[in-house]
Amino acid sequence: LGECYSLSSSTNAYTEEEKCRMASAVVLSVLAIPAKKKSAAAEVFDQQNENNLRVIEMLTFGTEAVEIPTREHLMETIKQRNLIDAALPSVKKIYHLLEKSFMPLKLSA
């Protein structure tokens, strides 16, 4: 989605409202990725990881270095491209609630 947004924002084929909706979709899709971290051993033997690597190799035709994007990498990308600022106000609020001010230990108190 991020690449699709980049390509569409570089052309003037879309209105500002459509670009805003696309940026919101990109931000929400990255926020939907679970923030769980696997151990290094679990990733080595993960069959889904192997399948993902094969799909990436097929989509890039083996021309690029194969790397499965992580949540952290995608979050950095949307920050660098200022997609959070381009998103709808409600999506900005969700982002700030989840990434900036979410304190799970305060919820249990």
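Please read these numbers as outputs of a predicted model, since none were measured by experiment.

What counts as what
- Residues numbered from 1 in each chain as written.
- Predicted model: local features only at pLDDT ≥ 70, side-chain atom pairs only at ≥ 80, totals over all residues.
- Heavy atoms only, no water.
- Helix = DSSP H or I, 4+ residues; strand = E, 2+ residues; numbered from the N terminus.
- Expected span 1.5 Å × (residues − 1).
- Buried < 20%, exposed > 50% of the residue type's maximum accessible area, 1.4 Å probe, protein only.
- Core = buried A, V, L, I, M, F, W, Y, C linked by side-chain atoms within 4.5 Å.
- Contact = heavy atoms within 4.5 Å.

(A) Up close: helix 2 (residues 16–31). If you check helix 2, its first and last C-alpha atoms are 22 Å apart, about what 16 residues at 1.5 Å a residue would give, namely 22 Å. Those residues of helix 2 not exposed but buried are Lys19, Cys20, Met22, Ala23, Ser24, Val26, Val27, Val30 and Leu31.

(B) Inspection of the nonpolar core at higher detail. Within the largest apolar cluster, twelve residues are counted, these being Ala23, Val26, Val27, Val30, Leu31, Met75, Ile78, Leu83, Ile84, Ala87, Val91 and Tyr95. The set of elements that each furnish at least two residues to this core consists of helix 2, helix 5 (71–80), helix 6 (83–86) and helix 7 (89–100). Ranked by residue count, the leading element in this core is helix 2, at five residues. Beyond its immediate sequence surroundings of up to four residues, Leu31 is in contact with Arg71, Met75, Ile94, Tyr95, Leu98 and Glu99.

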